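Understanding the architecture of this molecule
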Amino acid sequence: MADENGECIEINGVRAAFHRFNTIVVGSGAAGLNAADFLRRGGMESLCVVTEGVKLGTSRNTGSDKQTYYKLTLCGAEGDSVRQMAKAVFDGGAVDGDTALAEAALSARCFFRLAELGVPFPHNSYGEYVGYKTDHDPLRRGTSAGPLTSRYMQERLLEEVRGRGIAIFDRMQAVELLVGDVSGDGRALGVLALDLDRLGDRDRRYAVFAAANVILATGGEAGMYETSVYPPAQTGSTGLAFRAGARGKNLTESQFGVASVKFRWNLSGTYQQSLPRYVSRAPDGGDEREFLDRHFSDAAGMLTAIFLKGYQWPFDPRRTESPGSSLIDILVYNEIVCRGRRVFLDYSRNPSRLESGGKADFSRLEPEAAEYLANSGALLARPIDRLEHMNPAAIDLFSRHGIDLRREELEIAVSAQHNNGGLAGDGWWRSNIANLYPVGEVNGSHGVYRPGGSALNAGQVGGVRAGQYILRHSRDESPPTRESLLALAGKRLSAAMAFGEEALERDGRPLDLAAERKAIGGRMSRHAAHIRSAEGVREALAEAKAQLDRIEGGVKISDPNQLRALHQLRDLAVCHYVYLFAVGDYIARGGGSRGSYLVRDPAGRRPAPDLPDMFIHRLDDGRLAGMIQEVAYADGRCEASWRRVRPLPPDDAWFETIWREHAAGRVFG
Ligand SMILES: Cc1cc2nc3c(=O)[nH]c(=O)nc-3n(C[C@H](O)[C@H](O)[C@H](O)COP(=O)(O)OP(=O)(O)OC[C@H]3O[C@@H](n4cnc5c(N)ncnc54)[C@H](O)[C@@H]3O)c2cc1C
């Protein structure tokens with residue numbers, strides 16, 4: 001199928017560039033690029049990537065102390081198997097068995113592809129790719145190419161996609177997912193995009209991409225949170241999919257943890273194992289206090305909790321009772337949100353409780369922490385000395401961003417980091433909308449708990465699964481022509497354009513886009529992050545609906561350069577409304593604290609004696625772990641439904657049978 005670049009389409013008197021491809025991939029993170037690479041290798045010619053920026057997104061712009069990729073064990077003598085790995089993923093709760101099995105089965109294949117492309121995953125002199133234990137997993141399935149694993153993945157895949165001549169439409173922001181609005185034809189037909197380099201020209205600022213298949217790889221809905229460790233370069237577009245009728249799944253499940261604020265970075269691993277001093281200060285920077293001490297009955301408990309935070313990074317309500325490591329997240333939040341103070345990590349001095357006679361006294365640690373530091377040769381005087389010894393790159397990283405950990409305290413907050421939920425997909429990463437495949441973080445394939453590193457693996461596997469399905473079932477399907485697109489999705493197209501064009505023409509006071517966005521972020525961080533309550537969510541939901549109605553009801557912008565922010569705002573408004581609805585519905589069903597959030601329950605337990613009532617909560621009893629919540633959005637209303645998880649498929653690996661099935665192409669759905 002040839003791309004008919006250069007053509008135009010006219011909608012309500014506004015011209016737009018018109019492109020046709022069998023498959024378009026929206027988003028150029030590690031997940032989207034891998035999907036494009038896989039399809040081209042499979043022989044798909046009519047293919048393009050549409051992205052708001054090849055250098056944007058989480059994969060390209062984030063990392064952590066040791067950014068982890070999760071895969072089948074490929075080293076050592078410990079036994080591992082696809083089924084064991086699938087079970088570890090499935091046991092996270094609220095996980096579908098078919099996606100868990102595919103993630104396990106394809107993990108080695110996807111990992112080797114990345115290694116072949118040059119992602120520097122370490123192996124020994126015999127070629128064993130060494131691994132380590134990651135959270136929520138018993139074996140050594142984690143591996144890492146260092147703090148920037150996802151960046152290397154994105155860079156190598158981008159080179160590959162470019163090298164294979166796949167068209168990349170850069171600086172194109174999808175603002176509408178085109179879905180048939182004629183009854184009986186609700187399949188995905190392409191996207192309407194804003195050309196970010198031509199916003200000032202009414203007849204050149206839009207581009208329509210007609211497609212037989214849409215792979216949506218737009219990442220997590222990072223822009224929804226004010227307190228966030230997602231890179232500022234990622235906003236997310238899940239709202240776009242909700243508006244088109246895609247269903248959400250496990251939207252209640254996200255991860256939160258301690259991160260630096262000025263330069264957004266996860267403070268896991270050695271940033272905690274080096275035992276920094278946690279201090280709180282008044283807003284003006286004065287009145288310094290070590291605030292953890294009084295909530296831990298002894299020094300060993302407190303210091304070991306800091307140490308453990310290194311590999312128990314995401315907030316976990318099961319670890320909130322003293323001396324659990326997640327009590328620290330609660331105490332940090334309490335200082336910042338309840339007491340209006342600021343919190344910092346100080347690497348230049350030891351926590352007072354570690355010192356005796358003015359020196360670090362490591363006998364005050366529990367054996368686990370003391371042995372680790374001793375084995376690492378890091379029984380050194382100050383946190384900065386220990387950090388420098390164990391991980392000098394950790395210090396360099398901050399200095400490259402203008403923060404000298406030797407001299408400066410690091411401001412922190414408990415921040416949103418990852419969405420385990422997202423759009424609902426089946427075992428082939430197909431959404432409920434025909435021909436729409438959400439892959440990467442936008443796909444909610446994870447459950448309540450997930451092994452560290454499984455996000456990057458699931459993103460790669462999703463692209464392969466969607467690609468395999470497309471190559472088998474719709475590689476020769478023609479994308480809609482101009483005429484058929486107008487006939488099938490004309491109303492949607494013109495409404496989407498009118499939303500922006502009318503905002504430009506309308507009289508009145510222009511919308512304060514930054515303030516609107518801040519309202520969404522503040523609401524989500526206050527009510528739908530790691531501390532939640534039924535009352536708070538109810539109130540937030542009403543506010544969210546009012547804001548959404550106002551934005552959709554007709555607002556004014558003064559400059560075409562604001563079109564991008566306006567469309568993003570609308571999608572964020574829809575998205576946060578849907579997420580808040582999901583959280584409210586979960587609590588109304590009796591769901592308690594689980595995953596990475598706490599749900600207030602006056603009949604529950606207070607994590608530590610002096611903490612305010614808002615932290616009293618009850619751990620979930622697991623009654624919903626076998627269930628998945630899905631939420632649909634239409635006409636400004638949400639509807640939730642619950643279903644049982646799809647079980648792990650039975651083991652049918654009898655070679656001769658599968659050989660026949662494979663040869664007949666029957667294994668591709
Ligand atoms: C601090 C931090 C640490 C992490 N550590 C780990 C870890 O150790 N292990 C792990 O497995 N995971 C980790 N994650 C999660 C993981 O990095 C992400 O889930 C993953 O990189 C997401 O990849 P993606 O390709 O789905 O999305 P992204 O990389 O976010 O890419 C999304 C793409 O879509 C584009 N886009 C968005 N909207 C539009 C639109 N409307 N039109 C056009 N283009 C659009 C964006 O510009 C971008 O190109 C971490 C995340 C963070 C924030």
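These numbers were taken from a predicted model, which means no experiment stands behind them.

Thoughts on the sheet that holds strand 14 (residues 342-346)
- Pairing in this open sheet of five strands is antiparallel, and the strands run 12-11-17-14-13 from one edge to the other. With partners counted over all chains shown, the strands left at the sheet margins are strand 12 (265-266) and strand 13 (277-281), one partner each.
- Contacting strand 11 (254-260), strand 13, strand 14 and strand 17 (410-419), helix 10 (residues 327-338) runs over the sheet at an angle of about 115° to strand 17.

Describing helix 6 (residues 149-163)
- For helix 6, with 15 residues, the first-to-last C-alpha span of 21 Å sits near the 21 Å given by 1.5 Å per residue.
- Among the residues making up helix 6, those that are buried are Thr 149, Ser 150, Met 153, Gln 154, Glu 155, Arg 156, Leu 157, Leu 158 and Val 161.
- Backbone geometry just after helix 6 places Gly 165 at a positive phi near 75°.

Here we look at the site of the ligand
- Contacts to the ligand come from 38 residues, most closely from Thr 58, Ser 59, Thr 68, Ser 237 and Glu 441.
- Ala 455 is positioned such that a nitrogen or oxygen atom in its backbone is 3.3 Å from an oxygen atom of the ligand.
- In the environment of the ligand, an oxygen atom lies 2.8 Å from a nitrogen or oxygen atom belonging to the backbone of Leu 456.
- Its free accessible area being 1000 Å², the ligand has 98% of it covered by the protein chains.
- Among the elements of the structure, helix 1 (30-41), helix 2 (58-61), strand 7 (172-179), strand 17 and helix 14 (454-473) are those that each provide at least two residues to the shell around the ligand.
- Residues belonging to the shell around the ligand are distributed by class as follows: twelve nonpolar, 24 polar and two charged.

Some remarks on the environment of Asp 298
- Tracing the chain through its elements places Asp 298 in the loop between strand 13 and helix 9 (299-309).
- Each C-alpha atom, one on Asp 298 and one on Glu 639, is 48 Å from the other, the two residues being 341 residues apart in sequence.

A few points about the packing of aromatic side chains
- Enumeration over the complete set of coordinates arrives at 22 aromatic pairs.
- By the ring-pair criterion, three or more aromatic residues cluster together here, those being Tyr 69, Phe 111, Phe 112, Phe 121 and Tyr 129.
- A cation over a ring is seen here: Arg 570 above Phe 499, with NZ or CZ 3.8 Å from the ring centre.

What to know about the domain arrangement of the chain
- Along its sequence, the chain is carved into domain 1 (7-60 + 149-254 + 418-487), domain 2 (256-417) and domain 3 (490-627).
- The gap between the C-alpha centroids of domain 2 and domain 3 is 31 Å.
- With both sides pooled, the region where domain 2 packs onto domain 3 buries about 1600 Å², and carbon together with sulfur makes up 68% of that total.
- Interface area lost by domain 2 to domain 3 is led by Phe 256, Pro 317 and Tyr 333, which between them contribute 36%.
- Summed over the shared surface of domain 2 and domain 3, the number is two salt bridges.
- Residue Asp 610 is joined to Arg 294 by a salt bridge in which the shortest nitrogen-to-oxygen separation is 2.8 Å.
- If one sorts the elements of the side of domain 2 that touches domain 3 by residue count, helix 10 sits on top with seven residues.
- Per-class residue counts for the side of domain 2 that touches domain 3 are ten nonpolar, four polar and five charged.

As for empty space enclosed by the protein
- Tallied over the full model, the rule gives two cavities of 30 Å³ or more.
- Counted as a void, the largest cavity has a volume near 90 Å³.
- Here the lining of the largest cavity spans two domains, and each of domain 1 (7-60 + 149-254 + 418-487) and domain 2 (256-417) adds at least three residues to it.
- Here the second largest cavity defines a volume of roughly 50 Å³.
- Among the residues making up the lining of the second largest cavity, the classes are represented as six nonpolar, five polar and one charged.

Definitions and limits used
Residues numbered from 1 in each chain as written. Predicted model: local features only at pLDDT ≥ 70, side-chain atom pairs only at ≥ 80, totals over all residues. Heavy atoms only, no water. Pairing = 2+ DSSP bridges. Helix = DSSP H or I, 4+ residues; strand = E, 2+ residues; numbered from the N terminus. Contact = heavy atoms within 4.5 Å. Axes fitted to C-alpha atoms, helices over the stretch in contact; angles between N-to-C directions. Expected span 1.5 Å × (residues − 1). Buried < 20%, exposed > 50% of the residue type's maximum accessible area, 1.4 Å probe, protein only. Near = heavy atom within 4 Å. Polar contact = N/O pair within 3.5 Å; in protein donor to acceptor, adjacent residues only side chain to side chain. Areas by Shrake-Rupley, 256 points an atom, 1.4 Å probe, with all protein chains shown as cover. Nonpolar A, V, L, I, M, F, W, Y, C, P; charged D, E, K, R; others polar. Phe/Tyr/Trp six-rings, centres within 6.5 Å; stacked < 30°, edge-to-face > 60°. Lys NZ or Arg CZ within 6 Å of the ring centre and 35° of its normal. Domains from an automatic or database assignment. Buried area = accessible area lost by both parts, 1.4 Å probe. Salt bridge = Lys/Arg side-chain N within 4 Å of Asp/Glu carboxyl O. 1 Å grid on protein atoms, 1.4 Å probe; cavity = no way out; pocket = protein on both sides within 12 Å on 5 of 7 lines; lining within 4 Å. Points joined across faces, edges and corners; volume = space filled by probe spheres on them.

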